[in-house]
Amino acid sequence: MKMIVMVMMMMMMSEGSMIDQTCKQTPDFNLCVSLLNSDPRGSSADISGLALILIDKIKVLATKTLNEINGLYKKRPELKQALDQCSRRYKTILNADVPEAIEAISKGVPKFGEDGVIDAGVEASVCEEGFQGKSPLTSLTKSMQNISSVTRAVVRMLL
Amino acid sequence: MASTEALLPVTSRQDPLSESRSDQIPETRRKRPIKVHLAVCSGLLLIALYVTLIVTHDGSTAQNGAKDETYTESRARLAGVSEKSNDGVWRLSDDGKTEAFPWNNTMLSWQRTAFHFQPEKNWMNDPNGPLFYKGWYHFFYQYNPNAAVWGDIVWGHAVSKDLIHWLYLPLALVPDQWYDANGVWTGSATFLDDGSIVMLYTGSTDKFVQVQNLAYPEDPSDPLLLKWTKFSGNPVLVPPPGIGAKDFRDPTTAWKTSSGKWRITIGSKINRTGISLVYDTTDFKTYEKHETLLHQVPNTGMWECVDFYPVSKTKVNGLDTSVKGPDVKHIVKASMDDTRIDHYAIGTYDDSNGTWVPDNPSIDVGISTGLRYDYGKFYASKTFYDQNKKRRILWGWIGESDSEAADVQKGWSSVQGIPRTVVLDTKTGKNLVQWPVEEIKSLRLSNKKFHMKVGPGTVVPVDVGSAAQLDIEAEFTIKKDDLEIILGEDSVEADEEFSCQNGGGSTVRGALGPFGFSVLADQSLSEHTPVYFYVTKGKDSKLKTFFCTDTSRSTMANDVVKPVYGSFVPVLKGEKLTMRILVDHSIVEGFAQGGKTCITSRVYPTKAIYGATKLFLFNNAIDATVTASFKVWQMNGAFIHPYSADDL
């Protein structure tokens, strides 16, 4: 009897957790799942909660990218102008987009959250394009764009 | 601020408009012309022409709506450039040549408008509780005192004698109670029978629940209504069973029912069905919820900022919100959370049970092919009855279409549209007509009058001096002979597929269009914003007219959303084509056929600024010569400033 119950439970779990079902509706299922599974809150979160976890990932990535930008000033002084632009753009992600998105999703007006998340992707792209093909930040900015588009898809489920 | 519209970074696309003087035709919408002999009885053809121009919206708005993004998106994909779209995919441009645009303060400070309402700094969104009281128009608004993005929302406040010259006042409502600790959100004002004001607004509680609260002026004898008292028994409404705690906001102005009670409606959703809940009250403190809804429409998502009001079928004045009767239709309007589009529908209200049915269910509230106040950037709109001049006035929130980094750098985000009067189109009965309030004419300074014949493929500079603050009123006539040829010629196929959004913008040339003005243009037209008519040969050889604004070449910057906006516009028998354009730095408002179709756009030129801003008239049609008769006024600023004793 216990075996049957256990098997049934395993079947139910593998049938599609909240994370699975949510991530299926985003442009990058694998990225979405790996981001959400890497957070302990992921397994018990509702869609709002999942969105907030992803926004947190955006915040962490933005911080990491800003540190990288700061380090590049010394190593690549010829890139100063583009780095300045990127610094401004990534500070916007941290100081404007992320807080706006967190507040909006927590309070149940997800459209402002969508705006903030979309903007994070825009800012990353603009930063990238400032290097005119010779960017030292490509993998970081691509990451931001991908996370932004996945997060946006999740936020849209709240509308 | 970026949103769900398609983002098209600038490519090095040539602007055919600037080349059109030399007859370069990049794309055409019609076949090669065949020589046609004009019939002797061309008079009959002329009659046929003008008779065909009575059209309705039925089926004719099929090209508008949600498809907009799809078409612009496909174009962008073909061009290999990055885009934003509703499918959530945002890709880095493959075009490595696109330059990132570093905004400098000179460019950014030019963007601030001169005569549109905006606070001194920071973020604004929905209009709230507009009203007229003791000689002043009051305007309240969602405001963030701390940043240039949405958040920490309070009610800003301003007053004006004329809806144009505004004076900033202190904040009216702040989140100082548990029931609005997380936000003092949108609400509406109602005048009671004794002339006193009650304000209902949504609060986000300390537990993030959306509730409705009552407030009223602390001192009714203060014409400035500086201070407001919140009812000690708040909240007066909490989300009812079956309604989500975060799906319950934006209460309307109340109207009197035949039984003498007050009635309000509040938008919400059940699954994907947009709905409007109905409550009755006698004192605004306790309410009875109706079992039935005012209305609902499946698959439209959450209804925000619902508005409900009567319009006269016969008269051009506005009506108090409580008016009912056989001479009246009722408008239900909602802001669609999913698409950021305001939709309305015309219908019949049943006061006995508080329900409403649309005249035309196929274009019900929120249907993508349905009616909109504005086919551009325009959201969270709200009307009020101006008892001073017996008008119904419409306010609309015009957000930014740029990046949040730019908003943070320039220190502000969002403006309000110029308030518009709203009436039913008494000729068709099937759409509303809007027009900027008359008081805006007080800003008109010098003007120049023009009368020009513009041949096919021509761009003409219009010398008006400074061109960032303009009021343009224009009348266009297509040369009769040209119309006859087009209508009579079998090789010119009926263009059933055209819409502003999928029409390719202002550079795609048709037989009878596009023609109009390029505003906020630089001398070389490397940046410009065409506002234009595009006339097509529709079914049964009838003419069909579209009114569009193409922002795709409005700026060299690539971190800005640049859609082509617009819609079909009904042109009645005997009507000339008319348009009015208000230009005010980073906002352009276009009104076609006296306000039957309106388009608001936000544009952010980098070169066409300050003394370099120019105005052009163009006719990009292949065959038709167009005569334009127009007047251009320089517009003064409204010099909106904080209220001081000198302003009394």
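Source: prediction; values computed, not measured.

### Here's the deal with the sheet that holds strand β2 (residues 136-144) of chain B
Residue and element names in this part refer to chain B. Across the sheet, which stays open at both edges, the six strands sit in the order β20-β1-β2-β3-β4-β36 with mixed pairing between neighbours. The two strands at the open ends of the sheet, each matched to only one other strand, are β20 (412-413) and β36 (641-642). Examined bridge by bridge, strand β1 (residues 122-133) and β2 share seven bridges and lie antiparallel to one another. From the neighbouring strand, Trp123 faces β2, where its bridge partner is Asn144.

### Some thoughts on unusual backbone geometry
Among all residues save glycine, negative phi is the norm, and among peptide bonds the norm is trans. All names here are of chain B. For the peptide bond that leads from Asn234 to Pro235, omega is 0°, which places it in the cis range. Inspection of the secondary structure assignment puts Pro235 in the loop between β8 (228-230) and β9 (255-256). Even without being a glycine, Cys305 presents a positive backbone phi close to 45°. Along the polypeptide, Cys305 turns up in strand β14 (residues 303-312). The buried category is assigned to Cys305, whose relative accessible area is 3%. One non-glycine residue with positive phi stands out, namely Gln593, at about 50°. Turning to its location among the elements, Gln593 is positioned in the loop between β32 (587-592) and β33 (597-602).

### Some words on the pattern of salt bridges
Once their charged atoms are close, side chains differing in charge can pair, the charge on each being opposite to the other. Residues and elements named next belong to chain B. For the structure on display, the rule yields 40 salt bridges over all chains. We note a salt bridge from Asp351 to Arg263, for which the minimum N-O separation is 3.7 Å. Here Arg263 lies in strand β10 (residues 262-270) and Asp351 lies in the loop between β16 (341-350) and β17 (355-358), a separation of 88 residues in the sequence. As far as the burial class goes, Asp351 and Arg263 line up, both buried. Here Lys410 makes a salt bridge to Asp407, at a shortest N to O gap of 3.7 Å. Remark: Asp407 and Lys410 occur in helix α5 (residues 404-410); sequence separation between them is three residues, near one turn of the helix. Using a relative accessible area of 13% as the deciding quantity, one classes Lys410 as buried.

### Brief notes about the environment of Asn213(B)
All names here are of chain B. As for its position among the elements, Asn213 is in strand β7 (residues 210-217). What makes Asn213 buried here is its relative accessible area of 0%. When the C-alpha atoms of Asn213 and Ala511 are compared, they prove to be 57 Å apart, with 298 residues separating the residues in sequence. Apart from residues lying up to four places away in sequence, Asn213 is in contact with Tyr179, Asp180, Met199, Leu200, Tyr201, Thr202, Gly203, Asn234, Pro235 and Val236. Within polar-contact distance, the side chain of Asn213 engages the backbone oxygen of Tyr179 at 3.4 Å.

About the criteria used
Residues numbered from 1 in each chain as written. Chains lettered and ligands numbered in written order. Predicted model: local features only at pLDDT ≥ 70, side-chain atom pairs only at ≥ 80, totals over all residues. Heavy atoms only, no water. Pairing = 2+ DSSP bridges. Helix = DSSP H or I, 4+ residues; strand = E, 2+ residues; numbered from the N terminus. Buried < 20%, exposed > 50% of the residue type's maximum accessible area, 1.4 Å probe, protein only. Salt bridge = Lys/Arg side-chain N within 4 Å of Asp/Glu carboxyl O. Contact = heavy atoms within 4.5 Å. Polar contact = N/O pair within 3.5 Å; in protein donor to acceptor, adjacent residues only side chain to side chain.

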